[in-house]
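Chain by chain, the residues:
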Amino acid sequence: MEPGQAAPFFHSHKQNEEIYIILSGAGDFQVNDTAFPIAEGSIVRVATACNRSIRCTSTEKMLYICIQAKEGSLEQCTMEDGEITQQETKW
């Protein structure tokens with residue numbers, strides 16, 4: 001996203017939540033009526049029905065990744081879901 005650029009609209013989703021990972025630059029993020037600053041290293045999760053938008057406030061480009069997943073689909077992504085297995089190390 002170029003300096004001074006903002007998403008041209010707010011949006012929400014019917015089924016997918018989103019996770020934004022800010023890789024470089026800085027900006028503002030708004031979820032419904034709450035706006036907050038974001039910068040390199042920020043991670044923002046937005047639930048489906050929430051309105052969201054983003055803008056770049058830095059003098060450099062803001063680079064980010066947006067990941068969508070069906071809301072609640074990672075409910076077992078916890079330490080309890082993992083299992084320690086036996087495998088010979090090859091390095």
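In short, a report on the structure. What you are looking at is a predicted structure, and each value in this text was computed from that prediction instead of being measured.

Moving on to the pairing of strand 4 (residues 43–46). By the alternation rule, side chains of strand 4 split into Val44 and Val46, which are all buried, and Ile43 and Arg45, of which none is buried. Examined bridge by bridge, strand 1 (residues 16–24) and strand 4 share four bridges and lie antiparallel to one another. Note that in strand 4 the partner of tyrosine 20 across the bridge is valine 44.

Attention now goes to the sheet that holds strand 3 (residues 34–39). A sheet is described by the order of its strands in space; here three strands give the open sequence 3-2-5, paired in antiparallel fashion. Both edges of this open sheet fall to strand 3 and strand 5 (52–56), since each of them pairs with a single strand only. Direction aside, the axes of adjacent strands within the sheet are offset by 20° on average. Two strands pair when backbone bridges link them, and strand 2 (residues 26–31) and strand 3 are joined in this way by six bridges, in the antiparallel orientation. In the sheet register, glycine 27 faces strand 3, and the bridge partner there is isoleucine 38.

The rules behind these values
Residues numbered from 1 in each chain as written. Predicted model: local features only at pLDDT ≥ 70, side-chain atom pairs only at ≥ 80, totals over all residues. Heavy atoms only, no water. Buried < 20%, exposed > 50% of the residue type's maximum accessible area, 1.4 Å probe, protein only. Helix = DSSP H or I, 4+ residues; strand = E, 2+ residues; numbered from the N terminus. Pairing = 2+ DSSP bridges. Axes fitted to C-alpha atoms, helices over the stretch in contact; angles between N-to-C directions.

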